[in-house]
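Each chain, written out:
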Amino acid sequence: MPSQSKPAALPALPKGEPLVALGQHVLNPGDALPLWERWICEAKTERACLSSNKRNDLMKQFTATANDEGVRLSRFVQSVTRDLPTSLLYKSFRNKRVKVNGKKGAPEDRLKAGDLIELYINDEFFPPEGAKPAARKPAPKKQQNQPKVTVIYEDENIAVLYKPTHLLCHSDRTGDANLVDAFTQYLAQKGEYDAGGENRFKPGICNRLDRGTEGLVIAAKSYAALRDMNEIIRTDLLKKEYYTITVGIPQSGRFTAWWEHDEKNNKVSIHAHQSQDERRKQIITDVDVLRTAGPFALCKIGLVTGRTHQIRAHLAYLGKPVLGDIKYGNRKMNERTGTKTQALCAVRISFLDVPEENTLHYLSGKVIKLKDPQILQQFDALDKSEEA
C-alpha cells in the first residue's frame, strides 16, 4: 500500500490582527478569494477572533435589574449593544457567546432580576465605557428644558399625567420638550429613577395623544408596569372618553366605518365599506352631544376602537369636523373663531375587570377624571360669542 505523505503543517497565527491559514498560504481577511475559499477563511477568522477574545478575557457582564425582569434575552442584548447586525446576534447565540448564569443562553429566554449576563461579543459593538447605546433615530437638533409635569393620579407603579396642547408625547427630530423626558426628569428628582443604575429601561407612556390634543396620558414607572398596562390596553380593559367641539351638530349614537392610513403623509381616510384587498380596518366611535351653541356642539366621544386620528377623521367624515383641526377640519370656521389647534381633550379613563395575574389588578373599576378641562372654558366662550 503506497505511503501517504502528511499534509504540511499550517503556520501559526500571529498575535494581534489575526490572519487566516489556507493550505500553505497565509491570507489577510480582506483578500479577494473564490466563494468557497472565503467561507473557510471566515470560519477560521471567527475561531481566531473568539480564541483571542478568550485569551484576553474580552467579555462584557451585565446584572439584570428589576426592570429587566421578564425581558426576552435577545432583546436585552440588542439594547446594550450598538449596531449589532441581527444575523450576528443570532450567530452569537449559536456559538455560545451569550451566557446567563454561566450557561448557554437562548434568544427566547426570559431574564430574572439578579441574572448574570455574559456577552463574548467584539468591543466594536458596545458603546464606549460610561456611554449609553447610540439611539437608532437621528439626534434631535436641539434640547429643550423639560416642563414640570402635572400629575392627576400616582401610585408606586404608574402615574396619570395631564398633557397640554402642543407638548409632544415622545421626542422627535425637532428636539422639542416632550412628556416622556419630563416624566423621567420628575422621577429622577424624586429619587425613583436612576438612569445610571439601569441596563436598558426608561420610564415610558402607555397611550399617546396627538401634539394638538390635550388630556390624560398614562405613564409607567417600571418595565413590569409598562408591560402589564400595555396588555390592559391591548385587551380592551381600558376605556377612554374625550370632549370635543364640533363644527355642526352631529347626531348622538354609535357610528361604524372603515379606516385607512396613508403612512407617507400621516393622514387617514374614512370609508363606508371595506376595500377589495381588505386592508382597511373597522372603527367604532360613540358620540353624545352634551351642549350646543349656534353651529357648535360640545360632544362626549367614546372610543370602542382606538386608531390614529380616529375621532378627528371620523367626525370629519360625518360632516361635523373638530373645531380647529387643520388637517381634517373646516378652515373658514377655524379662521373665524381664531382656533389654531383641535378642540379635543382626553378627560376620563376607566379600568374594567383586570385579571388577577396582572400586577395592575388593583386598578379594576378605577375611574380617573380630568377636573375642569380647558375645553369647557373654550366652549363657554363660544357660547357667549354666539349669544352676542
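As the structure is a computational prediction, the values presented were derived from the model and not from experiment.

Engineer: Give me the pattern of salt bridges: which residues, what numbers.
Structural biologist: Taken as a whole, this structure holds 18 salt bridges when the rule is applied. As a salt-bridge pair, Lys221 and Glu154 come within 2.8 Å of each other at their nearest N and O atoms. Placement of the pair is Lys221 in the loop between strand 10 (214–220) and helix 5 (223–234) and Glu154 in strand 7 (residues 150–154), with a sequence separation of 67 residues. By relative accessible area, Lys221 is classed as buried at 11%. Residue classification places Glu154 among the partly exposed residues on the basis of a relative accessible area of 27%. Residues participating in the shared-partner salt-bridge network are Glu154, Lys190, Glu192 and Lys221.

Engineer: Describe the sheet that holds strand 4 (residues 98–100), and please don't skip the residues or the numbers.
Structural biologist: Overall, antiparallel pairing links the 4 strands, which are arranged 3-6-4-5 in an open sheet. For this open sheet the edge positions go to strand 3 (60–63) and strand 5 (103–104), each flanked by a neighbour on one side alone. Sheet analysis places strand 3 next to strand 6 (residues 116–119), joined by 4 bridges and oriented antiparallel. What sits directly across from Gln61, in strand 6, is Glu118. Helix 2 (residues 73–80) rests against strand 3, strand 4 and strand 6 of the sheet, and its axis sits at about 60 degrees to strand 6.

Definitions and limits used
- Residue positions are given per chain, counted from 1 along the sequence in the order it is written.
- In keeping with the predicted nature of the model, local features appear solely for residues at pLDDT of at least 70, side-chain atom pairs appear and are counted solely at 80 or more, and the whole-chain, interface and lining totals rest on all residues.
- The side-chain figures draw on all heavy atoms in the structure; neither hydrogens nor water molecules are used.
- Salt bridges are defined as contacts in which a side-chain nitrogen from Lys or Arg sits within 4 Å of a carboxyl oxygen from Asp or Glu.
- Strands here mean DSSP runs of E at least two residues long; helices mean DSSP runs of H or I at least four residues long; both are numbered from the N terminus.
- Relative accessibility decides the category of a residue: with a 1.4 Å probe and only protein chains considered, values under 20% of the type maximum give buried, values over 50% give exposed, and everything between is partly exposed.
- Two strands are counted as paired when DSSP detects at least two bridges linking them.
- What makes two residues a contact is simply this: any of their non-hydrogen atoms within 4.5 Å.
- All axes are obtained by fitting lines to C-alpha atoms, using only the stretch in contact for helices, and the reported angles, taken between N-to-C directions, cover 0 to 180 degrees.

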